[in-house]
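Structural features, examined
Here is how the chains run, residue by residue.
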Amino acid sequence: MAIDGLIILDTAGRPIIQSGFRSSSSAYPLLHIEALNNALSKASRPSDVDPVLYVSSLELDTPSACCHVKHGDLRLLCPVSGDVNPLYVFAFLQTFIDILREYFGQISAETLKDNFDVVYQLLEETLDASGHPSTTYPNALRDIVLPPSLLQKVLSVAGVTGLANQSSNQHPFASPIPWRKTGVRYNANEVFFDLLEELRAVVNKNGIAAMSQVWGTVHANSRLSGTPDLLLSFAGSQTLTDCSFHPCVRLQRWTRDKQLSFVPPDGQFTLMSYRYQPAGTHAIAIPFTVKASVVIDESKGTFDVIVTSRLTTRTIEKMTVDWFLGETASGASCAASNSSSWTFDSRARTLRWEMKNITPSSSFNLRGHFATTNKVPRPARGFRIKFEVLQHTFSSLKVDQLKLTGEMYKPYKGVRGRSMGDVEWRW
Amino acid sequence: MASFRAPPRKGENFELAADLNSEYREKRKDAIKRVIANMTVQKDVSGLFPDVLKNMQTDDLEQKKLVYLYLMNYAKTQPELVILAVNTFVKDTDDPNPLVRALAIRTMGCLRAEKIIDYLCDPLQKCLRDENPYVRKTAALCVAKLYDLKPELVIENGFLETLREMIVDSNPMVVANTVAALTDIHNSSVAAGSTEEIFVITNNVLSKLLIALNESSEWGRVAILNALARYNTESDQESEHICERVVPQFQHANASVVLAAVKVIMIHMRNVQSENLTKQLVRKMAPPLVTLLSNPPEVQWVALRNINLLLQKRPDILTNEMRVFFCKYNDPLYVKVEKLDIMVRLAGESNVDALLSELKEYASEVDVDFVRRSIKAIGQAAIKIDEAAERCVNVLLELIGTRVSYVVQEAVVVMKDIFRKYPSTYEGVIPTLCANLDELDEPEAKASLIWIIGEYANKIDNADELLGIFVDTFIEESYPVQLQTLTAVVKLFLRKPDSSQGLVQQVLNTATKDCDSPDVRDRAYIYWRLLSTDPGAAKTVVLAHRPPISLPRTTVSPALLEELIGEVSSLASVYHKPAETFVGRGRIGADTLPKTTGDVGDDKQATQKALQTVVAGQQAENLLNFDDPMADDQQPLGIAATAALAATPAAANLLAGTSSNPLDDLVSIFGNVSMGSVPAAAPQQNGLGSFGGLSFGATPMAPSAASPPPPAQPQQAQDDLLGLF
């Protein structure tokens, strides 16, 4: 089982960068690019194209599959032949995207073209030509592929290549801990934890959640010298289920007393992810309510939507309400209350209503009408609502204590909580 | 500027060549980058080969990597030039910097040039025993690449033995990559037809793998887990031990590790004797599967396909988690379709209300395809859960009330299935269905409604009027509708002979004289003959009791399911088909390997077998949409297929007279004589034969009927049949 290679396509479906293919035929990658572009052009919605495409070919006697994902404007695809686990491929693609992000920040066709030499090196290191992903721990990778930094650019312009290379580790993979590099030194030792929770819910028209889940992740940014051994304990960890962890976490310790014991990688990483399951009841409180009345007439519809915050102390931020008005929607005109705004995207046929800040217990209102070109309007039966709440977690999970052993210093600790939501509210 | 080929005289490549030979190293490095950039956009820079090659010897690792990249790209087209680089490669494998050593050995493995390969063995030998683990693991993978190109070199140099020794390496990264390399070699040797087991996992190897498992990177873990899945345990205790050691992998952040672990557990759980442990394992499997659904849609889809398969084997895995599978309207269609299927699988008496209100929502969505599938799901729920059937019917009635054309049509089709499962229970809704007669324009919906009218002809006062509409337009209708009309009118006649004499005469006339389809004509002839010779027999045949339909627990045959469970997390489990049917054996690069001709036959046989399994599986799938267009297209297969299927409950449905496939109907006609027990090929043959004797005109299906061997001999059915005439 193996991944044959990786190809990155730009918006127009042209390859920007591709890894070396071991296949003897140069047509092989092209075949896959064509198959994907074909499938995309045929689909009514690009997002409905199956993520694993079957690519048959007359020239090459072995058929193969094409796994692809979209990232921003780019599409990354991995041709695979043989009975390969598609999840393996998608997991690799995701890892590779994360690495690119770590190296370049925002990824676009431009950044990739500007840094193609680095991208190539990354491809070489992360995906062995035999089709097995190899080095993907960012800590280890940074030892062997230098990120394009300003300093390096300055040095290379000045022609001082020797200096620029000094940071390259002469003894890679010498670290006894594969995810952490050796010899890390900081003047100020700090470690930050971000608890990020996302509510995913479907709410029925009577305001009852048909489905609600909270998925949480603990992101960490470790800037600690030496080989610190951390012990993190939570308050409220008993409500966490379905946990999965970064390989650095000692699982036995978690199973025994729900504490995270680990030697962190250097820099940013995702320590754990979990699902929050409140004890007893099924439902998780949605932090707002929506009251909507929609009247459908011939070739048009009128609506009146009220969003009310249920929170008493916190502000809901960046709320967007998206409403797909149907394939035949031609336009909308609305009145939005207090400093909220609305737009109609005529291509996506979606009405978007944005509220920057919803203070505790306040209400917002959007009323208006839309028109359709056919007789019976068929708008989506639900609003898709996204929002954020800072300094708040649905699970009320809190970091109780962080103990550091193995090093002498006392680190600075920071913990933040943030909530996001993606709620479908049916009217 | 001496070079083998005349360098270009002008243009970009000319400038690049000049820069590549510059005395300033910065300029040279920059030129290499530009060459690679041009290579990326498919410009031909092969002419610069000698100039680039000169820059290979450098202390600058980055520059070296770029030159290596260039070499890899053009080694195929310019093998005679690559030979010039060999010395540098070999020298680099002795470099004090392990990165350079690893880079050199890795690159040499990728150059698919015959000439280089002969120089590869000595450095590879050395690197396999390098002090640095990074070099060792790179070398291990290189052996697999070498095997792909020239297997005999690997065997001659004893690399296989070295690899086997490396499984007990102190470094888990080396262990994982060695396992991957050995697995690759094993697979390609098996694909090439070798019977020799290259990678045998012994007891000793097993314990080493279990230790390395927890220390490896995610990719290493997947490789090790796949190897564990292949291990044949010696005792039940060993199986239990493996399961216990693998279970913690469920908590890994990487989805592919989770699924690979699920696969190992599913395989080794077969041998676990302790019921308690099995229960525990199944319970522990649920959370990681649910967690997979928090991923992006692509991963969700793969996870859902696998969950769908796992549920067929172990329906108890996710009993309390149906809500997790509720669809959002912006989910991609491929995710929604899978979720729907799984929701129905998880439906039970306790959660059917939640399911129904969800399905009702979906049925009012925008996406027509999804709406239809949702309505189908309501029907499946009704058939699966007896207690909920009435609630399902009510939801369907509500949907019919919306008068949205495709909703109504799909609901009518689904109602027919419900009538099949619960005969004479929901007659009250028939008027509502008939009221929507004018709205129907799809053949399947029309055929379904006609079937209902025919079935309940004695309860519908104006059945003759309703059927008359279709008889009048008989010739314009599609064949499935014609067939159903024909049968329904005959049913009506048998129940109310007085009022519909004219109608049946009219339809038989039209069908036998003006119809293009031989199937319709033949069925009309059979009915005609039956009615004219012995109306009593016609009654027993046409109005016979039909076996009720049920929802199959699996969509694939049990044997295939077992095979696919072993393939969980692979492409096969996503397609729900054995690997042989969609992926050729061996990888593309392996085409250089000599293939022994004797094995091709074996391969073909295996594929043939697999395909047969799939066909059987697919037929079993056709439970609810029994108007399978495939079957219509492949008439000659009809009887053969049904004969093979006779044992399954789904087949009973196919054979039960509601089908548009006339052959199926034929079978059912004769099958009914022996009341529900479905006769296999033998009586069919006899039956058809006797028709022939009755001077029935064309019997086009006779040759095809002769093909299946008679597996069972329901003697009585045969006798009864003969007695009929």
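Residues numbered from 1 in each chain as written. Chains lettered and ligands numbered in written order. Predicted model: local features only at pLDDT ≥ 70, side-chain atom pairs only at ≥ 80, totals over all residues. Heavy atoms only, no water.

The next subject is the overall build of chain B. Helix and strand content of chain B: 41 helices and zero strands. A buried classification covers 59% of the 725 residues belonging to chain B. Sequence separation of 24 or more characterises 69% of the internal contacts of chain B that already satisfy a separation of 6 or more. (Helix = DSSP H or I, 4+ residues; strand = E, 2+ residues; numbered from the N terminus. Buried < 20%, exposed > 50% of the residue type's maximum accessible area, 1.4 Å probe, protein only. Contact = heavy atoms within 4.5 Å.)

Turning to the pairing of strand β20 (residues 382–390) of chain A, a few remarks are in order. All names here are of chain A. Here strand β15 (residues 316–324) pairs with β20 via five bridges, running antiparallel. What sits directly across from Asp322, in β20, is Arg384. As judged from the nine bridges shared by β20 and strand β22 (residues 412–426), these two strands associate in the antiparallel manner. Paired with Leu390 across the bridge in β22 is Arg418. (Pairing = 2+ DSSP bridges.)

Applying the stated rule across the entire model yields 52 salt bridges over all chains. Taking the shortest distance from any N to any O, the salt bridge between Asp98 of chain A and Arg101 of chain A comes out at 3.1 Å. Taken together, the residues Asp98 of chain A and Arg101 of chain A, both in helix α2 (residues 86–104) and three residues apart, mark about one turn of the helix. For Asp98 of chain A, a relative accessible area of 35% puts it in the partly exposed group. By relative accessible area, Arg101 of chain A is classed as partly exposed at 37%. A salt bridge links Arg200 of chain A to Glu198 of chain A, with the nearest nitrogen and oxygen atoms 3.6 Å apart. Note on Glu198 of chain A: relative accessible area 21%, which makes it partly exposed. The structure contains a network of salt bridges with shared partners spanning Lys205, Glu424 and Arg426 of chain A together with Glu358 and Glu361 of chain B. (Salt bridge = Lys/Arg side-chain N within 4 Å of Asp/Glu carboxyl O.)

To continue, consider the interface of chain A and chain B. Across the boundary between the two partners, chain A contributes 97 residues, which contact 96 residues of chain B. Carbon and sulfur atoms make up 54% of the surface buried where chain A meets chain B, a total of about 8,400 Å² over both sides. Between Glu361 of chain B and Arg426 of chain A there is a salt bridge; the shortest N-O distance is 4.0 Å. (Buried area = accessible area lost by both parts, 1.4 Å probe.)

Residues and elements named next belong to chain A. An order of β11-β9-β21 is seen for the three strands of this open sheet, with the pairing classed as antiparallel. Two strands in the sheet have a free side with no partner beyond their single neighbour: β11 (259–262) and β21 (398–405). Strand-to-strand twist in this sheet, taken as the mean axis angle between neighbours without regard to direction, amounts to 15°. In this sheet, β11 lies alongside strand β9 (residues 229–235) in antiparallel orientation, the contact comprising four bridges. For Ser233, the partnering residue across the bridge sits in β11 and is Gln259. (Axes fitted to C-alpha atoms, helices over the stretch in contact; angles between N-to-C directions.)

Turning our attention to the packing of helix α16 (residues 255–268) of chain B against helix α17 (residues 275–292) of chain B. Two measures define how a pair of helices packs: the angle their axes make with one another and the distance between the axes. Residue and element names in this part refer to chain B. It is at 10 Å that the axes of α16 and α17 come closest, and there the two elements cross at 155°. The orientation of α16 relative to α17 falls into the category roughly antiparallel. Crossing handedness for the pair α16 and α17: left-handed. Two secondary-structure elements touch here, α16 through Ala255, Val258, Leu259, Val262, Ile265 and Met266 and α17 through Leu281, Met285, Pro288, Leu289 and Leu292. Grouping the constituent residues of the contact of α16 with α17 by class yields 11 nonpolar, no polar and no charged. (Parallel < 35°, antiparallel > 145°, perpendicular 65-115°, else oblique. Left-handed = near helix turned anticlockwise from the far one by under 90°. Nonpolar A, V, L, I, M, F, W, Y, C, P; charged D, E, K, R; others polar.)

On to the sheet that holds strand β8 (residues 209–223) of chain A. As summarised here, the arrangement of the nine strands in space is β10-β12-β8-β7-β22-β20-β15-β18-β17 (chain A), forming an open sheet in which the pairing is mixed. Each of the sheet's edge strands pairs with one partner strand only, and the pair in question is β10 (240–245) and β17 (341–345) of chain A. When the angles between neighbouring strand axes are averaged without regard to direction, this sheet yields 15°. Across the sheet, α17 of chain B lies against β8, β10 and β12 (267–276) of chain A, angled at about 75° from β10 of chain A, the strand it touches most.

All names here are of chain A. Mapped onto the elements of the fold, Asp266 is located in the loop between β11 and β12. Despite its burial, Asp266 remains without a salt bridge, the nearest opposite charge being carried by Arg180 at 4.6 Å. Polar side-chain contacts of Asp266 include one of 3.0 Å to the side chain of Tyr186. Excluding residues that lie within four positions of it along the chain, Asp266 makes contacts with Asn139, Arg142, Arg180, Lys181, Val184, Tyr186, Ser222, Arg223 and Leu224. (Lys, Arg positive; Asp, Glu negative; His and termini not counted. Polar contact = N/O pair within 3.5 Å; in protein donor to acceptor, adjacent residues only side chain to side chain.)

Residues and elements named next belong to chain A. Relative to the assigned elements, Ser340 resides in the loop between β16 (329–336) and β17. With a relative accessible area of 11%, Ser340 lands in the buried category. In this structure the side chain of Ser340 is engaged in a polar contact, spanning 2.9 Å, whose partner is the side chain of Trp353.

Further remarks concern helix α2 (residues 25–40) of chain B. All names here are of chain B. Helix length check: α2, at 16 residues, gives a terminal C-alpha distance of 23 Å against a target of 22 Å (1.5 Å per residue), a fit within 8%. Among the residues of α2, those classed as buried are Lys29, Ala31, Ile32, Val35, Ile36, Asn38, Met39 and Thr40. Trailing α2 by a residue or two, Gln42 shows a phi angle of about 65°, which is positive. (Expected span 1.5 Å × (residues − 1).)

Turning next to the domain arrangement of chain A. Under the domain assignment, chain A is made up of domain 1 (7–141), domain 2 (190–283 + 394–426) and domain 3 (288–390). Of note, the centres of domain 1 of chain A and domain 3 of chain A, computed from C-alpha atoms alone, are 37 Å apart. (Domains from an automatic or database assignment.)

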